[in-house]
Amino acid sequence: MSNESLANLLKEERRFAPPAELAAAANVTAAAYAQASEDRLGFWAEQARRLDWAVEPTETLDWSNPPFAKWFADGKLNVAYNCVDRHVEAGNGDRIAIHFEGEPGDSRSITYAQLKDEVSQAANALLELGVTKGDRVAVYLPMIAEAVVAILACARIGATHSVVFGGFSADAVASRITDAQAKLVITADGGYRRGKPSALKPAIDEALTKVDGVEHVLVVRRTGQDTSWTEGRDVWWHEITARQSTEHTPEAHEAEHPLFILYTSGTTGKPKGILHTSGGYLTQASYTHHAVFDLKPETDVYWCTADIGWVTGHSYIVYGPLANGATQVIYEGTPDTPHQGRFWEIVQKYGVTILYTAPTAIRTFMKWGDDIPAKFDLSSLRVLGSVGEPINPEAWIWYREHIGAGKAPIVDTWWQTETGAMMISPLPGVTETKPGSAQRALPGIAATVVDDEAREVPNGSGGYLVLTEPWPSMLRTIWGDDQRYIDTYWSRFEGRYFAGDGAKKDEDGDIWLLGRVDDVMLVSGHNISTTEVESALVGHPSVAESAVVGATDATTGQAIVAFVILRGTATETPELVEELRAHVGRTLGPIAKPKQVKVVGELPKTRSGKIMRRLLRDIAEGREVGDTTTLADSTVMNLIQSQLPPAGSEG
Ligand code: 6R9
């Protein structure tokens, strides 16, 4: 089944050569692959020179105690200096670092010189509040410029930040603060979402009734809403920063100094505190941002639509772009406030040239209709990125045609919180792209697909994605739990990093991601990937989105249950449900035909847009729905359940 279905996926495959103009002036050419494969460590040592080091490293990789890596270990640098000060010193202080666009329509443009002053003041404020190098600071903020300033201020003084999604509940925040033993929390009164102020501080107040050790809460005033106040503990950001000097001398920190902890989005299991350090992380974040987006800092306007609380916000809003001196847009709100063209209005307003977003957003835009982006001038866009999930070929083609004017190359970037930066992706000036494939490991990165016995699979076959060599921005451990780090990532296949994703290599050796292995279904002895069935369903003109799970079945082991959201014009009928089942059967083969197709209005997703199939499995198997703390919208599960007949009454 698996090879056959891949062949089906590829049957209608189209390939797109890089635009000649882009290729001719590309930051990175095909030569990079050859250079890196001849001397991988030499290649990364050269990339490390993209940064300004206070003490240049002489060592590249120390892998004497695997899986605990040290990169550039005898070097010293200040990450915030690299992201801000050095651009000012190079004469680019007047360049815009951040165009902030608030949801209500307020906006503010911040130059690198201003950013340097604000980061220095915030760093001085943290010092005044008793935060020192090695302390942990929790950050719980909306998508506002102060989030970037707060993160860089921590980096500057060597405090390790732990950013927690603004959408997480008090309990989720409390457990993360406790695990990291944070000394200070930076939050805001609230932020704007869907046209109204949404409070943040009450979740911190509640969380702090459950944890010890937090001395101060630094509060950014964003919405001006009423905010309860604990005298002596709470401090207004604007008051304390205003009285600080704009001078702060950045100290050089060791390359392996802990930069941040980020708890994984947690579609399954107890959250893991992923630890990233400084020099190797910044090297790869900077290099990949330069190579994969072909960033020209003098002329490009870059926009990553991720939330700052997700690793994409860390590596591709804060560290990568700012290390590279980029001008970028940060948008606070939702894509449909006040109207469904808000993203395209922002692209037009700022002349965005590089856009980085997620497949879930692209499918939503498809659902809203082609006429919406068509109303705006998107001609500035020259590179389009995708991240977070496999992008199905239909969404890929739509993105290219309706957003990229049929010209802009799409870079489908595979990576994880754990990898810190991009690992598998096309290069926009080099790769002939294939809709739906992340294609090949970036220069300096070693990835392959193996079977159960850790044997590399031949082209045209599927298995598990593994990384076979250490890389500079790799996680160093799970905070406080080295054994769990070993067990989770390095025990499944001896000496190799197990990513937890299924993948296939096509006849050219290009990699196609197939979703989390926990989600793979076993139907009558056949492995079937949720991604492939979902992709087939979304290929039907009536389907906007879908999520597929395997539910325990007495006859087949697991049976395929598909949840679908219909497109605006389609209505649910027994004939349509039958037609969708038949459509999957025709596309992938009869074995992949869903046993049930359930039409729903919404799908449960994390704030970063990943479908929480675990919760759908609970529904499909008639169980009580499990832990929903990482869900973006906690009402979704009730909505889905109310739309469906009780379990057991059908199929
Ligand atoms: C950056 C990020 C990691 C998981 C990863 C995989 C999925 C991310 C993808 C992709 C297919 C892509 N994923 N990018 N799958 N193609 N381009 O998303 O980090 O939140 O830790 O999630 O996301 O399953 O293992 P994180």
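Residues numbered from 1 in each chain as written. Predicted model: local features only at pLDDT ≥ 70, side-chain atom pairs only at ≥ 80, totals over all residues. Heavy atoms only, no water.

Draft legend 1. Broad picture of the sheet that holds strand β21 (residues 447–450). Within the open sheet, the four strands sit side by side as β21-β22-β24-β25. Their pairing is antiparallel. Edge positions in the sheet fall to β21 and β25 (511–516), since each has one partner strand and no second. Pairs of neighbouring strands in the sheet enclose a mean axial angle of 45°, with direction left out of account. Where strand β24 (residues 497–505) lies against β25, four bridges are found, and the strand directions are antiparallel. Considered in β25, the bridge of K504 is made with W512. (Pairing = 2+ DSSP bridges. Helix = DSSP H or I, 4+ residues; strand = E, 2+ residues; numbered from the N terminus. Axes fitted to C-alpha atoms, helices over the stretch in contact; angles between N-to-C directions.)

Draft legend 2. Just the site of the ligand, in detail. Of all residues adjacent to the ligand, which total 18 residues, the nearest are W310, D412, T413, T417 and D501. Within the backbone of G388, one N or O atom sits 3.1 Å away from a nitrogen atom of the ligand. Within the backbone of P390, a nitrogen or oxygen atom sits 3.4 Å from a nitrogen atom of the ligand. Relative to its free-state accessible area of 530 Å², the ligand is covered by the protein chains to the extent of 95%. Elements represented by at least two residues in the shell around the ligand include exactly α12 (311–323) and β25. In terms of residue class, the shell around the ligand is built from seven nonpolar, six polar and five charged. (Near = heavy atom within 4 Å. Polar contact = N/O pair within 3.5 Å; in protein donor to acceptor, adjacent residues only side chain to side chain. Areas by Shrake-Rupley, 256 points an atom, 1.4 Å probe, with all protein chains shown as cover. Nonpolar A, V, L, I, M, F, W, Y, C, P; charged D, E, K, R; others polar.)

Draft legend 3. Molecular detail of the nonpolar core. Ranked by size, the top nonpolar core spans 137 residues in total, and within it L115, L152 and Y319 carry the most contacts. Among the elements that make up this core, the one with the highest residue count is helix α7 (residues 145–157) (eleven residues). Among the domains, domain 1 (103–262) and domain 2 (446–518) are the pair contributing at least three residues each to this core. Setting aside anything within four residues of it in sequence, one finds Y319 in contact with V79, C83, I151, L152, A155, H161, L259, F260, Y281, L282 and H314. Ranked by size, the runner-up nonpolar core spans 30 residues in total, among them F16, F343, I346 and M366. (Core = buried A, V, L, I, M, F, W, Y, C linked by side-chain atoms within 4.5 Å. Buried < 20%, exposed > 50% of the residue type's maximum accessible area, 1.4 Å probe, protein only. Domains from an automatic or database assignment. Contact = heavy atoms within 4.5 Å.)

Draft legend 4. Up close: the pairing of strand β1 (residues 61–65). As paired strands, β1 and strand β2 (residues 68–71) are joined by three bridges and run antiparallel to one another. Pairing of N65 across the sheet is with F68, part of β2. Between the antiparallel neighbours β1 and β2 lie two residues.

Draft legend 5. Region of the structure containing the domain arrangement of the chain. In terms of domains, the chain is made up of domain 1 (103–262), domain 2 (446–518) and domain 3 (520–643). Using only C-alpha atoms to locate each centre, domain 1 and domain 2 end up separated by 35 Å.

Draft legend 6. Region of interest: the packing of aromatic side chains. Applying the stated criterion across every chain, the model contains 33 aromatic pairs. For the ring pair Y464 and F498, a centre distance of 6.1 Å and an interplane angle of 70° mean the geometry is edge-to-face. Taken together, the residues span a long stretch of sequence, with Y464 in strand β22 (residues 462–467) and F498 in strand β24 at a distance of 34 residues. Its relative accessible area of 13% is what places F498 among the buried residues. A cation over an aromatic ring shows up here: R440 above the ring of Y33, its NZ or CZ 3.8 Å from the ring centre. Residue placement shows R492 over the ring face of Y464; its charged tip is 5.1 Å from the ring centre. (Phe/Tyr/Trp six-rings, centres within 6.5 Å; stacked < 30°, edge-to-face > 60°. Lys NZ or Arg CZ within 6 Å of the ring centre and 35° of its normal.)

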